[in-house]
Amino acid sequence: MVSPPPIVEVRGLVNQFGRQVVHRDLDLDIYRGEVLGVVGGSGSGKSVLLRSIVGLRRPTAGRVSVFGQDLTALPPGPRSELERRMGVLFQRGALFSSLTVTENIALPLIEHARMPRAEAERLARVKLALAGLPADAGDKYPASLSGGMVKRAALARALALDPDLLFLDEPTAGLDPIGAAAFDQLILTLRNALGLTVFLVTHDLDTLYAICDRVAVLAQKKVLVADRLDVVENVDDPWVQEYFQGPRGRAAAHAAARSARMDG
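Please read these numbers as outputs of a predicted model, since none were measured by experiment.

Draft legend 1. Broad picture of the overall build of the protein chain. Along the backbone of the protein chain there are 10 helices and 10 strands. The globule rule puts the C-alpha radius of gyration for 264 residues at 18 Å, and the 19 Å found for the protein chain is close to it. Along the first, second and third principal axes, the C-alpha atoms of the protein chain reach 55 × 50 × 40 Å. Residue burial in the protein chain is summarised as follows: out of 264 residues, 49% are buried.

Structure representation (structure tokens):
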């Protein structure tokens, strides 16, 4: 069976900061409709890879193709159109503190879709509900929200322009286990309902086992492996073995297996 072409194709990626090489000859494919988890040790460049794909960082060398096009080679108009097909949830939400939640979500609709403010805020309230937040959260400022609500508000903003590709950078970091599990299920529900493709940077083993179709491991400045979890967890690499076969990894695997039996 022939695999469909990837919607994101990274080839020979190099990211370097001064003398520090973060990525060297990194290759990665992302396929339509999948949830791809990206893991790696501290300093392995998970967030740098995300920023390279969405066009926030120009790689030192290599090529990144999104929907068959190189973002860095596009003129401003077509590049903006392509960027609208990608939504990003940054670490810690990155909401504007001086704007209400509704205003935060409406901002990309006003700036990129040229939507009138009233219409943008009406649609923002729809996105708010989609992210599982109560209607009254829209009038609040980010400082008055809990950590879980900030994540959901940031997710609503990432969904504002109806993206095809959703990038999540440590979305469950700082959440309690119940809140993190609820957020995981929200991502899975949205992927299934909206046909999203999800690129998920995480260190949360429960998230990997609960919702990821494939997992990519960043190690040795490249993607060491990108495959199903049952393949990845058996890769003969010290970091992979310590991460997946340690006590927390085994606990997450057992929890996922138990949940699968209960669902079945």
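Draft legend 2. Local environment of the packing of aromatic side chains. Within the structure shown, the criterion is met by 3 aromatic pairs. Ring geometry for Phe167 and Phe199: centres 5.4 Å apart, planes at 45°, overall tilted. Taken together, the residues span a long stretch of sequence, with Phe167 in strand β7 (residues 165–169) and Phe199 in strand β8 (residues 197–201) at a distance of 32 residues. Taken as a pair, Phe167 and Phe199 share a single burial class, namely buried. Measuring from centroid to centroid gives 4.9 Å for Tyr243 and Phe244, while their planes differ by 90°, and the two rings are edge-to-face. Like Phe244, Tyr243 is buried. Here a set of aromatic residues connected by ring pairs shows up, and it is made of Trp239, Tyr243 and Phe244. For the cation-ring pair, Arg85 lies above Phe67, with the distance from its terminal atom to the ring centre recorded as 3.7 Å.

Draft legend 3. Structural detail: the packing of helix α3 (residues 101–111) against helix α5 (residues 147–158). Relative orientation of the contacting elements α3 and α5 amounts to 25°, with a least axis distance of 8 Å. For the element pair α3 / α5, the angle class is roughly parallel. The hand of the α3/α5 crossing is right-handed. Contacts between α3 and α5 involve Val101, Asn104, Ile105 and Pro108 from the first element and Ala153, Ala156 and Arg157 from the second. Partitioned by chemical class, the residues of the contact of α3 with α5 number 5 nonpolar, 1 polar and 1 charged.

Draft legend 4. A look at the sheet that holds strand β6 (residues 86–89). Within the open sheet, the 6 strands sit side by side as β6-β7-β8-β3-β9-β10. Their pairing is mixed. In this open sheet, the two edge strands, each paired with only one partner strand, are β6 and β10 (222–227). Averaged over all neighbouring strand pairs, the angle between strand axes comes to 15°, with direction disregarded.

Draft legend 5. Up close: the pairing of strand β4 (residues 61–66). As judged from the 5 bridges shared by strand β1 (residues 8–17) and β4, these two strands associate in the antiparallel manner. Each bridged residue has a counterpart across the sheet, and for Val14 the counterpart in β4 is Ala61. Inspection of the sheet shows β4 paired to strand β5 (residues 69–70) by 2 bridges, in the antiparallel sense. Each residue of the ladder has a partner; that of Ser65, found in β5, is Asp70. From the end of β4 to the start of β5, which pair antiparallel, there are 2 residues, and Phe67 there has a positive phi angle of about 55°.

Draft legend 6. Highlighting the sheet that holds β1. The 4 strands lie next to each other as β2-β1-β4-β5, forming an open sheet whose pairing is antiparallel. Each end of this open sheet is capped by a strand with a single partner; those strands are β2 (20–30) and β5. Of the strands in this sheet, β1, β2 and β4 touch helix α1 (residues 46–54), which is tilted by about 120° from β1.

Draft legend 7. Summary view of the layout of surface pockets. Reported here for the second largest pocket is a volume of approximately 560 Å³. The wall of the second largest pocket is formed by 20 residues, among which Met86, Val88, Phe90, Pro108 and His112 lie closest to the centre. Only α2 (76–83), β6, α3 and α5 provide two or more residues apiece to the lining of the second largest pocket. Looking at which element gives the most residues to the lining of the second largest pocket, the answer is α3, with 4 residues. A class-by-class count of the residues in the lining of the second largest pocket yields 11 nonpolar, 4 polar and 5 charged.

Draft legend 8. Structural detail: the nonpolar core. With 53 residues, the main nonpolar core has Leu155, Leu208, Val215, Val217 and Phe244 as its most contacted residues. Ignoring any residue separated from it by four or fewer positions in sequence, one finds Leu208 in contact with Gly37, Val39, Thr202, Val215, Leu229, Tyr243 and Phe244. Counting 28 residues, the second largest nonpolar core, distinct from the first, contains Val54, Val66, Leu82 and Phe199.

Procedures and definitions
- Residues numbered from 1 in each chain as written.
- Predicted model: local features only at pLDDT ≥ 70, side-chain atom pairs only at ≥ 80, totals over all residues.
- Heavy atoms only, no water.
- Helix = DSSP H or I, 4+ residues; strand = E, 2+ residues; numbered from the N terminus.
- Rg over C-alpha atoms; globule rule 2.2 N^0.38 Å.
- Buried < 20%, exposed > 50% of the residue type's maximum accessible area, 1.4 Å probe, protein only.
- Phe/Tyr/Trp six-rings, centres within 6.5 Å; stacked < 30°, edge-to-face > 60°.
- Lys NZ or Arg CZ within 6 Å of the ring centre and 35° of its normal.
- Axes fitted to C-alpha atoms, helices over the stretch in contact; angles between N-to-C directions.
- Parallel < 35°, antiparallel > 145°, perpendicular 65-115°, else oblique.
- Left-handed = near helix turned anticlockwise from the far one by under 90°.
- Contact = heavy atoms within 4.5 Å.
- Nonpolar A, V, L, I, M, F, W, Y, C, P; charged D, E, K, R; others polar.
- Pairing = 2+ DSSP bridges.
- 1 Å grid on protein atoms, 1.4 Å probe; cavity = no way out; pocket = protein on both sides within 12 Å on 5 of 7 lines; lining within 4 Å.
- Points joined across faces, edges and corners; volume = space filled by probe spheres on them.
- Core = buried A, V, L, I, M, F, W, Y, C linked by side-chain atoms within 4.5 Å.

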